[in-house]
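Observations on the three-dimensional arrangement
Below are the chains, spelled out letter by letter.
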Amino acid sequence: MEIRTLERKDREPLAALIRRIETFSQEEQDCAIELVDIALTAGNRDYTILVADRGQDGGGLVGYCCYGPTPMTENTFDLYWIASAPEVRGQGIGAGLISAMEADLRRRKSRIIRVETSATEAYGPTRGFYASMKYGEEARIKDFYKQGDDLIILTKRL
């Protein structure tokens, strides 16, 4: 498997992957795909996307992450999206993407990586994944997304 920067040829396969993520609502899918399009725009400095590619014979794109500098901060970055194809979960795709992102951010002298996630049961495995990658809960805002769905802010210091 190769982890590499997004290329224009990846747009449609990545959009198809995003549409297959069962925890993403339609609105979330639309937002994630919009960031893919922005990342592919010439001169983009706001979003970096890494893809996990197993090649044509290995299933093509099987995961991705999207991150970028947090506006008005010094060397702080947000991890906006990370996902892997349902059929490859638990095979180290997400861990590989996180490791590649963190290596890039260390080169950029990042201090903090911030992640926002949901407190719903459906996002339990996602929170467990972040915990395994040493991201800790920094804050929680009750009923943020909707009644009964808290916003959880996780961070990791590099």
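Scroll up for the structure.
Cut-offs used in this document
All residue numbers here refer to positions counted from 1 along the written sequence of the relevant chain. Under the rules for a predicted model, residues below a pLDDT of 70 receive no local features and side-chain atom pairs below 80 are neither given nor counted, while totals for whole chains, interfaces and linings still include all residues. Calculated side-chain values reflect all of the structure's heavy atoms, with hydrogen atoms and water omitted. Helix and strand assignments come from DSSP, with helices taken as H or I runs of at least 4 residues and strands as E runs of at least 2, each series counted from the N terminus. One fewer than the residue count of a helix, multiplied by 1.5 Å, yields its expected span. Contact definition: two residues touch when any of their heavy atoms are within 4.5 Å. Criterion for a disulfide: a pair of cysteine sulfur atoms within 2.5 Å. For every residue, the accessible area obtained with a 1.4 Å probe (protein chains only) is divided by the maximum for its type, and the residue is called buried under 20%, exposed over 50%, and partly exposed between those limits. For this analysis, a nonpolar core means a set of buried residues of the types Ala, Val, Leu, Ile, Met, Phe, Trp, Tyr and Cys, connected via side-chain atoms within 4.5 Å. For two strands to be treated as a pair, DSSP must find no fewer than two bridges joining them. Convention adopted: a line fitted to C-alpha atoms gives each axis, helices being fitted over their contacting stretch, and angles between N-to-C directions are expressed from 0 to 180 degrees. Buriedness of a pocket was judged along seven lines, with at least five required to meet protein on both sides within 12 Å; pockets are open sets of points on a 1 Å grid over the protein atoms alone, cavities are sets where a 1.4 Å probe fits but cannot get out, and lining residues have an atom within 4 Å of a point. Grid points are joined across faces, edges and corners, and a volume is the space filled by probe spheres set on the points. Gly counts as polar in this scheme, as do all residues outside two lists: the nonpolar Ala, Val, Leu, Ile, Met, Phe, Trp, Tyr, Cys and Pro, and the charged Asp, Glu, Lys and Arg. Think of a salt bridge as a Lys or Arg side-chain nitrogen and an Asp or Glu carboxyl oxygen that are within 4 Å of each other. In protein, a polar contact requires one atom able to donate a hydrogen and another able to accept it; more generally it is a pair of N or O atoms within 3.5 Å, and residues adjacent in sequence count only if both atoms are side-chain atoms.

1. Focus on helix α2 (residues 26–39)
Helix length check: α2, at 14 residues, gives a terminal C-alpha distance of 20 Å against a target of 20 Å (1.5 Å per residue), a fit within 8%. On the buried face of α2, the contacting elements are α1 (11–19), β2 (48–53), β3 (61–69) and β4 (76–84).

2. Focus: the state of the cysteines
Under the counting rule described, the total for this entry stands at zero disulfides. Of all cysteine sulfurs, the one in Cys66 lies closest to Cys31, which takes part in no disulfide; the gap is 8.7 Å. The exposure class assigned to Cys31 is partly exposed, which follows from its relative accessible area of 34%. This cysteine, Cys66, is not joined by any disulfide, and Cys65 carries the nearest cysteine sulfur, 7.8 Å off.

3. Here we look at the nonpolar core
One finds Leu14, Ile49, Tyr64, Leu79, Met101 and Tyr135 to be the most contacted residues of the largest nonpolar core, which totals 43 residues. Looking at this core, the elements with two or more residues in it are α1, α2, β2, β3, β4, α4 (93–107), β5 (112–118) and β7 (149–157). Top element by residues in this core is β3. It accounts for six residues. With residues up to four places along the chain from it excluded, the contact list for Tyr135 reads Ile98, Met101, Glu102, Ile113, Val115, Tyr130, Leu154, Thr155 and Lys156.

4. A look at the sheet that holds strand β6 (residues 136–146)
Taken in spatial order, the seven strands of this open sheet run β1-β2-β3-β4-β5-β7-β6, and their pairing is mixed. Both outer strands of the open sheet, β1 (2–5) and β6, are each paired with one neighbouring strand and no more. Averaged over neighbouring strand pairs, the angle between their axes works out to 25° when direction is ignored. Here β1 pairs with β2 via four bridges, running antiparallel. Residue pairing across strands places Thr5 opposite Leu50, the latter belonging to β2.

5. Brief notes about the layout of surface pockets
Volume-wise, the largest pocket comes out at about 1100 Å³. Looking at the largest pocket, it is lined by 37 residues, and the ones nearest its centre are Phe24, Ile82, Thr117, Tyr123 and Thr126. Going through the elements one at a time, α2, β4, α4, β5 and α5 (124–132) are the ones with two or more residues in the lining of the largest pocket. When residues of the lining of the largest pocket are assigned to their parent elements, the largest contribution, seven residues, is made by β4. Classifying every residue of the lining of the largest pocket gives 19 nonpolar, 10 polar and eight charged.

6. Digging into the pattern of salt bridges
On inspection of all chains with the given rule, the structure shows 18 salt bridges. Put simply, Asp10 and Arg4 hold a salt bridge, and the shortest N to O gap is 2.7 Å. Each of the two residues, Asp10 as well as Arg4, counts as buried. Salt-bridge contacts for Arg108 lead to Asp104; the nearest nitrogen and oxygen are separated by 3.0 Å. Its relative accessible area of 33% is what places Arg108 among the partly exposed residues. A relative accessible area of 14% places Asp104 in the buried class.

7. Observations concerning the side chain of Thr48
Tracing the sequence through the fold places Thr48 in strand β2. Separated by 3.0 Å, the side chains of Thr48 and Arg108 make a polar contact. Residue contacts for Thr48: discarding those within four places in its chain leaves Cys65, Cys66, Tyr67, Asp104 and Arg108.

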